[in-house]
Amino acid sequence: MKTRPSWLTKKAADQKSFLKMEKLLKELALNTVCGEADCPNIGECFQKKTATFMILGKICTRNCGFCAVSKGIPEAIKTEEAASVAIAVNKLNLRHVVITSVTRDDLQDGGAQHFVDTINEIRKHNKNVTIEVLIPDFKGNKKSIQKIINAEPEIINHNLETVPVLYSEIRSGASYTRSLNLLKQVKESNKKIITKTGMMLGLGERGEEVVEVMDDLRNIGCDVLTLGQYLRPTEEHVEVKEYISPEKFNDYKEIAFKKGFKFVESGPFVRSSYQAVNVIEKII
C-alpha cells in the first residue's frame, strides 16, 4: 500500500458549522454526495454553507470500483424531495446550488424528470440562484438528456472520471463514448449552457492519456474541467496507483487552459463540485 503523502491532509472543520448543516439536512430528509461519497472537503464546504444535494435516494444501481456511494436495490422516489431542496437553498441563502444523483438504471428515464422538477422548484422560490446539475449518463437516452437541457440549468456537469482504457475496471456499466456524446448533445442543443466534466487521477492513467481526453473534450466544446486525486474509500475499492504531486496538477491546469477550457480546477483535493460557484463568477 502506498504511503499517503504530506500534501494530502486537511484542516479539521469548525464543528459548530458542520453540525448546524447536518441538522438542517436531517430536518429536510436530504442527502448530500458530500457525505455519501466520503468527500474530503465536506467540513470546509459545510462550514461555508455549501453542499451538493443528492436526489433520487442514496442507493446506486451501478457498482463502480472507485465510488463509496452505497449499491443495491434503490429507494422509491420521494416526491417532496424537490421542494425540500428548494427550502434548503433558501435557508442557506445560496447563490449557486449543485444537484446530483445516484445512477437510477431502474427508472425509465433514469430520473431525468425528477431533476427537472427539482430545478423548477428551486427557480419557483429563488429566481436569482444559479443551478448546476451533475448528472448520470441515463444509459445514453437522448430524450432523458434533452429533458435536462430543456430545463436550462446554467451548468450541466457529467464526469468522465478516468481515461478510456481504464473504464472496464473503474466505470463498469459506463461508456467513454456515451459520456462524451452526452456532453456533445448539451452543447449542440443549447450553446448557452456551460458544460463541465471531471476526472480522478492516480488510477494508473498515463499523462498523455489525460491530455488526449482534454483534446476529446475540447473537440466537443466542453467548457470546464476539474482534476483531482483519487482517494480509496475502503480496502474493497480500487487501489491508488499513484499520488499525483501538486506541481503535476498545476502542469495539467496550464495545459488545459492552453487547450481552450474556460475554467479549470486542478489539485489533490479538487472534486467535481468543489468551489463550484467560482465557475459562475468567472464565466457568466
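Named according to an unreviewed UniProt entry, the chain is Lipoyl synthase originating from Clostridium formicaceticum. The Pathway (unreviewed entry) field of the UniProt record for the chain holds the comment "Protein modification; protein lipoylation via endogenous pathway; protein N(6)-(lipoyl)lysine from octanoyl-[acyl-carrier-protein]: step 2/2."

Visitor: Mind showing me how you'd approach the packing of aromatic side chains here?
Guide: Here a ring pair, both rings aromatic, is described through the centre-centre distance and the interplanar angle of the planes. Under the criterion given, the structure shown has 2 aromatic pairs. Taken together, a centroid distance of 6.3 Å and an interplanar angle of 85° make the contact between Phe115 and Phe138 edge-to-face. Residue Phe115 is located in helix α5 (residues 112–125), and its partner Phe138 is located in the loop between β6 (130–134) and α6 (142–151); the two are separated by 23 residues in the primary sequence. Phe138 gets classed as buried once you look at its relative accessible area, which sits at 6%. Their ring planes at 85° and their centres at 5.8 Å tell us that Tyr167 and Tyr176 sit as a pair that is edge-to-face. Relative accessible area serves as the criterion here: at 5%, Tyr167 is assigned to the buried category. Lying over the aromatic face of Tyr252, Lys248 brings its terminal NZ or CZ to 4.9 Å of the ring centre.

Visitor: Please explain the packing of helix α9 (residues 207–219) against helix α10 (residues 246–258) as it appears in this structure.
Guide: Relative placement of two packed helices is described by the angle separating their axes and the distance separating the axes. At a minimum axis distance of 10 Å, the contact between α9 and α10 shows a crossing angle of 30°. Taken together, α9 and α10 sit at an angle that is classed as roughly parallel. Handedness of the crossing formed by α9 with α10: right-handed. Of α10, the residues touching α9 (which contributes Gly207, Val210, Val211 and Met214) are Tyr252, Ile255 and Ala256. Each residue belonging to the contact of α9 with α10 can be placed in one class, and the counts come to 6 nonpolar, 1 polar and no charged.

Visitor: Help me understand the packing of helix α4 (residues 81–91) against α5, please; the structure alone is not making it clear to me.
Guide: Interaxial distance between α4 and α5 falls to 8 Å at its minimum, and their mutual angle equals 40°. One element, α4, and the other, α5, form an angle in the oblique class. Viewed along their axes, α4 and α5 form a crossing whose handedness is right-handed. On α5, the residues that touch Glu81, Ala82, Ala83, Val85, Ala86, Val89 and Asn90 of α4 are His114, Asp117, Thr118, Glu121, Ile122 and His125. Class assignment for the residues of the contact of α4 with α5 results in 6 nonpolar, 4 polar and 3 charged.

Visitor: Please explain the nonpolar core as it appears in this structure.
Guide: Across soluble globular proteins, nonpolar side chains show a tendency to be buried alongside one another. In this structure, Phe53, Val97, Ile99, Phe115, Ile122, Val133 and Ile148 are the most contacted members of the largest nonpolar core, which totals 36 residues. Secondary structure elements with two or more residues in this core: α1 (15–27), β2 (52–55), α4, β5 (96–101), α5, β6, α6 and α8 (176–189). The greatest single-element share of this core, amounting to 5 residues, is contributed by α5. The contact partners of Ile122, leaving out residues within four places of it in the chain, are Val85, Ala86, Val89, Val97, Ile99, Val129 and Ile131.

Cut-offs used in this document
- Residues numbered from 1 in each chain as written.
- Predicted model: local features only at pLDDT ≥ 70, side-chain atom pairs only at ≥ 80, totals over all residues.
- Heavy atoms only, no water.
- UniProt positions renumbered as here; feature names shortened; annotations may be inferred.
- Phe/Tyr/Trp six-rings, centres within 6.5 Å; stacked < 30°, edge-to-face > 60°.
- Helix = DSSP H or I, 4+ residues; strand = E, 2+ residues; numbered from the N terminus.
- Buried < 20%, exposed > 50% of the residue type's maximum accessible area, 1.4 Å probe, protein only.
- Lys NZ or Arg CZ within 6 Å of the ring centre and 35° of its normal.
- Axes fitted to C-alpha atoms, helices over the stretch in contact; angles between N-to-C directions.
- Parallel < 35°, antiparallel > 145°, perpendicular 65-115°, else oblique.
- Left-handed = near helix turned anticlockwise from the far one by under 90°.
- Contact = heavy atoms within 4.5 Å.
- Nonpolar A, V, L, I, M, F, W, Y, C, P; charged D, E, K, R; others polar.
- Core = buried A, V, L, I, M, F, W, Y, C linked by side-chain atoms within 4.5 Å.

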